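A structural walkthrough
One-letter residues, chain by chain:
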Amino acid sequence: MASKPGILTDWPWKPLGDFKFVILTPWIAHSIYSFIWTQRDPTYHLIFPYIFIRMLHNQIWISISRYQTSKGKCKIVDKGIEFQQVDRETNWDDQILLTALLFYIGYMIFPMASNLPWWRTDGVVLTAILHAGPVEFLYYWLHRALHHHYLYSRYHSHHHSSIVTEPITSVTHPFAEHLAYFTLFAIPMLTPVFIYKSSVAALYGYIFYIDFMNNLGHCNFEFFPKKLLSLFPLFKYLSYTPSFHSLHHTKFRTNYSLFMPIYDYIYGTVDKTTDATYEGCLKRPKESPDVVHLTHLTSFDSIYQLRLGFSSLASNPQTSKWYIHLMWPFTMFSMLITWIFGRAIVLESNTFNELKLQSWLIPRFQTQYFSKKHSKTLNNLIENAIMEAELNGAKVVSLGLFNEKQLNANCGLYTKRFRELKIKLVDGSSLVAAIVLNNIPKGTNKVLIRGKFNKVTFAIANALCSKNIEVNVLYKDELEELEEKVTMSKGNLSLSPINTSKIWLVGDEWDEHEQMKAPEGTLFIPFSHFPPKKMREGCFYHYTPSMITPNTFMNSHSCENWLPRRVMSAWRIAGIIHALEGWNVDEYGDTILDTKKVWEATIRHGFQPLKIYAHKPCVTN
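What you see is a predicted model, and the numbers here were worked out from it, not measured in a lab. (Residues numbered from 1 in each chain as written. Predicted model: local features only at pLDDT ≥ 70, side-chain atom pairs only at ≥ 80, totals over all residues. Heavy atoms only, no water.)

1. A closer look at the overall build of the protein chain
- What the protein chain contains, in helices and strands, is 24 helices and 15 strands.
- Referenced to the eigenvectors of the C-alpha coordinate spread, the extents of the protein chain come out at roughly 95 × 55 × 50 Å.
- A total of 621 residues make up the protein chain; the buried ones form 57% of that total.
- The long-range share in the protein chain, meaning contacts at least 24 apart out of those at least 6 apart in sequence, stands at 71%.
- Here the protein chain displays about 27900 Å² of accessible surface, and carbon together with sulfur accounts for 62% of that area.
- Positive and negative charge centroids in the protein chain, built from 61 and 51 side chains respectively, lie 3 Å apart. (Helix = DSSP H or I, 4+ residues; strand = E, 2+ residues; numbered from the N terminus. Buried < 20%, exposed > 50% of the residue type's maximum accessible area, 1.4 Å probe, protein only. Contact = heavy atoms within 4.5 Å. Areas by Shrake-Rupley, 256 points an atom, 1.4 Å probe, with all protein chains shown as cover. Lys, Arg positive; Asp, Glu negative; His and termini not counted. Charge placed at Lys NZ, Arg CZ, Asp CG, Glu CD.)

2. Section: the packing of aromatic side chains
- Counted under the stated rule, the structure contains 40 aromatic pairs.
- Note on Y209 and F259: the rings are 5.6 Å apart at their centroids and 90° apart in plane angle, and the pair reads as edge-to-face. With Y209 in helix α9 (residues 200-217) and F259 in the loop between α12 (242-251) and α13 (262-267), the pair connects residues that are 50 residues apart, well separated along the chain.
- Taken together, the aromatic side chains of W61, F208, F212, F221, F223, F224 and F235 make up a single cluster linked through ring pairs.
- The ring centre of F35 lies 4.1 Å from the NZ or CZ of R40, which sits over that ring.
- The ring of Y150 carries R154 above its face, with NZ or CZ at 3.8 Å from the centroid. (Phe/Tyr/Trp six-rings, centres within 6.5 Å; stacked < 30°, edge-to-face > 60°. Lys NZ or Arg CZ within 6 Å of the ring centre and 35° of its normal.)

3. A word on the pairing of strand β9 (residues 503-506)
- Both faces of β9 are covered, namely the face carrying I503 and L505 and the face carrying W504 and V506.
- As paired strands, strand β6 (residues 446-450) and β9 are joined by three bridges and run parallel to one another. Pairing of I449 across the sheet is with L505, part of β9.
- In the sheet, β9 pairs with strand β10 (residues 523-526) via four bridges, with the strands oriented parallel. Paired with W504 across the two strands is F524, which belongs to β10. (Pairing = 2+ DSSP bridges.)

4. Quick notes on the sheet that holds strand β4 (residues 396-399)
- Pairing is mixed in the open sheet, where five strands are placed in the order β2-β3-β1-β4-β5. Of all strands in the sheet, those with a lone pairing partner are β2 (345-352) and β5 (424-426), marking the two edges. On average, each strand axis in the sheet is inclined to that of its neighbour by 20°, with strand direction left out of account.
- Judged from the three bridges that link them, β4 and β5 form a sheet pairing that is parallel. In the strand pairing of β5, V397 is matched with L425.
- Across the sheet, helix α3 (residues 47-71) touches β2 and β3 (355-362), and the angle it forms with β2 is around 55°.
- Packing of helix α23 (residues 570-581) onto the sheet brings it into contact with β1 (291-296), β2, β3, β4 and β5, and relative to β4 it is tilted by some 160°. (Axes fitted to C-alpha atoms, helices over the stretch in contact; angles between N-to-C directions.)

5. Structural notes on the pairing of β3
- Most of β3 is tucked away, with seven of its eight residues classed as buried.
- Two elements, β1 and β3, share six bridges in a ladder whose sense is parallel. In the strand pairing of β3, V292 is matched with Q358.
- Relative to β3, β2 is paired through seven bridges, and the arrangement is antiparallel. In the sheet register, N350 faces β3, and the bridge partner there is L357.

Note that every value here comes from positions in space, so none of it alone points to a role or purpose.
Printed below as a string of structure tokens:
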């Protein structure tokens, strides 16, 4: 929002929310009917499908830009993006709706817009001339006017709130500002129509050109090759580059041009550092992380909720949206791509206390970790990712979700292969146990443990027994396993009826129907990676082991799976703490560190306990 919002700031259809495109329903219905039953007019019938083409075009730019900036190569601005910017830019499709609406209205008003030919050379040339002349010239002076304090505070400051630009930043403007821009863009579109020289290619091609250049200029990485400018020196006057426009967002009073910098050169508003910034960005190498966190895809539609997917979904806890089910062709295609992709993908980059952090995605889904035929492939993917992290200079690799289980299930194999590596492998078990222990309310004297036992279970049981807290299980074989592995039992291990304890610690593979027999008001504290699929009314459910990140954790603008904003899983935090403390030890297999020491170090570095209890499921998996 602008600092002093002016009139026509909000979009007229804002109250409709996600259903705003319903205002196009009459035209869409009529266009489909006429396409099937009457004469087909490409000018009219392309409006509806072109909405999806533009959305796909913009999304491709968003994904490429975020992927490239995560790697850091040729990055322009070092600052991070936060949730406030993502929220401010979620309405990037409003301008697509506006264009479609005006196209439909224009088609009704101007009869000469119907039945346009597919191509007319003179019309295309005229469109290009009108853009390079009147549009670029008028936009330059309009843009300078928008930087006057009166208009800037009421309108343009909304756009400039994004210092670090993304492709969709280009269309993040108040409604009134978009009306002004569309009035300018109407000159090359309507003039050829009025003199009967327009064509489908000129009309829709011009919109594609605007989208392409808008997205290009707001990427936060430079990719124009220096050789291109050397071979064509005049090119720098005819097309801006991402670094050219980025300077406008960091300096504010320079580089005002739309797409053609020629007017900045004519009127002397080119930033003096333009050339140096451009060359410096091209020379910038790929970033070397200190800590790499390995994660993977969960459900089949989770690919849309990655940071590289839909930014509005990635910035909120993972949930299933109705419209994602309509995108099943893209979902199937993405599944195919991930199955043939043979290496980890850089998903996200952050900084914290001078550490450079990256999250890498193993391109496999949760279900594949349960398949024996995929085991060898998964081992190779994890192994190659660890080796690549070592080559990139990382000190620690932490393992999230089923990557941790895959590593521990084959720890002998990994230990043998990684004997010479300096990088430390961290499965996060110690911090998971520490978080669970500190989430148990003070004064508790009895807990029930459910689910598959592992080293986290035994660490928790040991710590509880040492505090004289009774640890209950439901079955005799579970009791025998605990008695064998828990050295600090002191007689605090016992069988218990299912309806006795009001504190349940739940891990993987527990029967979630059992919760129906728990006492009213029972608190369920998971020590597994995944939250329960079903939750009972009248009970409380803690999030999976996680903590709130410090304010100094930068570039935080996506949620980690089903966790809330700025909340990070214990498995990911553990790798960061390992690197900050410089612990020269691996943590996987049967190894578990001192939970008290790990907890104290985590708190000392600014991570805070998560005190929120969930009454409803955060995700269905």
